Amino acid sequence: MKLLKSILDFYLNSSIHVALSCYALVRVTFHVFHIQYDEPMALFVFFGTIVGYNFVKYDALVRIQKKPIGLQLKIIAVLSFLSVILVGYYFFQLQRITQIVSFGIFAITALYTLPFFPNRKNARNWAGIKIYIVALCWVGATLVLPVINAEIPFTANFFIKCIQRFVLVFVLILVFEILDLANDDPHLKTVPQTIGVRKTKILGFILLIPFWIVGILSFTFHDLMINLIMVIMLMLFIAFANPNRSKYYTSFWVESVPVFWWLMIALF
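Basis of the calculations
- Residues numbered from 1 in each chain as written.
- Predicted model: local features only at pLDDT ≥ 70, side-chain atom pairs only at ≥ 80, totals over all residues.
- Heavy atoms only, no water.
- Core = buried A, V, L, I, M, F, W, Y, C linked by side-chain atoms within 4.5 Å.
- Buried < 20%, exposed > 50% of the residue type's maximum accessible area, 1.4 Å probe, protein only.
- Helix = DSSP H or I, 4+ residues; strand = E, 2+ residues; numbered from the N terminus.
- Contact = heavy atoms within 4.5 Å.
- Polar contact = N/O pair within 3.5 Å; in protein donor to acceptor, adjacent residues only side chain to side chain.
- Expected span 1.5 Å × (residues − 1).
- Bend = angle between axes of the 7 residues up to and from the residue.
- Axes fitted to C-alpha atoms, helices over the stretch in contact; angles between N-to-C directions.
- Parallel < 35°, antiparallel > 145°, perpendicular 65-115°, else oblique.
- Left-handed = near helix turned anticlockwise from the far one by under 90°.
- Nonpolar A, V, L, I, M, F, W, Y, C, P; charged D, E, K, R; others polar.

(A) Seen up close, the nonpolar core. Residues Phe44, Leu168 and Trp261 are the most contacted members of the largest nonpolar core, which totals 69 residues. When residues of this core are traced back to their parent elements, those giving at least two are α2 (16-32), α3 (39-64), α4 (71-91), α6 (130-149), α7 (156-179), α9 (197-213), α10 (221-239) and α12 (257-267). Residue contributions to this core peak at 13 residues, all from α7. Apart from residues lying up to four places away in sequence, Trp261 is in contact with Leu25, Val28, Arg165, Leu168, Phe211, Ile226, Asn227 and Met230.

(B) Layout of the side chain of Ser102. By secondary structure assignment, the location of Ser102 is in helix α5 (residues 96-113). Engagement of the side chain of Ser102 in a polar contact is seen with the backbone oxygen of Gln99, the distance being 2.6 Å. With residues up to four places along the chain from it excluded, the contact list for Ser102 reads Phe44, Phe91 and Leu145.

(C) View of α6. Helix length check: α6 (20 residues) gives 27 Å between terminal C-alpha atoms against 28 Å at 1.5 Å per residue, within 8%. The largest bend in α6 amounts to roughly 35° and is located at Gly140. With 17 of 20 residues buried, α6 lies mostly within the body of the structure. Following α6 by one or two positions, Glu151 adopts a phi angle in the positive range, close to 60°.

(D) Region of the structure containing the packing of α10 against α12. At their nearest, the axes of α10 and α12 sit 10 Å apart, and the two run at 155° to each other. Classified by the angle their axes make, α10 and α12 are roughly antiparallel. The hand of the α10/α12 crossing is right-handed. Judged by residue contacts, His222, Ile226, Asn227, Ile229, Met230, Met233, Leu234 and Phe237 of α10 engage Val257, Phe260, Trp261, Met264 and Ile265 from α12. Here the contact of α10 with α12 is composed, by residue class, of 11 nonpolar, 2 polar and no charged.

(E) Unusual backbone geometry, seen in detail. Non-glycine residue His34 carries a positive phi angle of around 55°. Structurally, the position occupied by His34 is in the loop between α2 and α3. Given a relative accessible area of 73%, His34 falls into the exposed group. Not every positive phi belongs to a glycine, and Glu151 is a case in point at roughly 60°. Within the secondary structure layout, Glu151 lies in the loop between α6 and α7.

Spelled out as structure tokens, the structure:
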């Protein structure tokens with residue numbers, strides 16, 4: 001059991017799981033917009049997520065806090081380095097406009113981590129803004145980039161899907177913020193800190209209604225049923241979320257929601 005737990009912890013701590021979630025959302029985008037599987041695009045997002053998330057998670061630990069680097073962190077550093085190489089490899093296989101937009105997403109990620117402005121904290125510590133930055137990055141990486149790379153024009157349907165994807169990620173982050181309530185700095189002004197856990201859950205439930213309804217405008221009946229299962233699943237995750245839950249509740253199960261979405265589309 002200890003070995004299995006160590007493997008699971010490495011899988012989560014190295015950001016492979018969250019990268020798989022982003023990859024799954026890219027595959028959902030391919031399905032929704034009828035895009036033929038684009039390996040460079042999908043793997044660019046997968047390895048880019050590993051690089052971005054590990055940079056965000058471990059930059060402060062190593063650069064500022066000067067924490068000693070253990071074996072697991074060394075392996076994660078090697079994985080991240082290899083991922084950087086693969087990101088570069090797939091980057092040069094993308095359309096020029098996709099490369100430019102991906103730089104914009106990278107800049108937002110860097111802003112989220114590094115204090116670019118004098119006497120100011122990084123965007124991650126700006127009060128009340130963290131959830132919006134993360135949600136925008138996910139929408140950009142998993143929906144906007146694949147659509148741009150496939151040279152699909154921006155229509156009303158595209159913007160509807162962007163809103164829907166933003167709502168999905170926003171709700172997922174709400175669950176994270178509920179569990180992190182006891183550990184988050186009060187100055188962050190996360191949603192649960194601002195309005196309380198009960199109202200945060202109600203907000204999550206309310207947001208899931210338009211998430212499903214907007215799909216009526218463009219999804220097939222088959223996709224609507226899958227989305228309904230998604231909504232029920234997310235409502236259950238929200239309902240049972242509390243600050244005393246294990247870290248695996250969010251780090252594994254909640255972050256698996258996009259993977260479940262993709263698998264339901266692929267299998268059914």
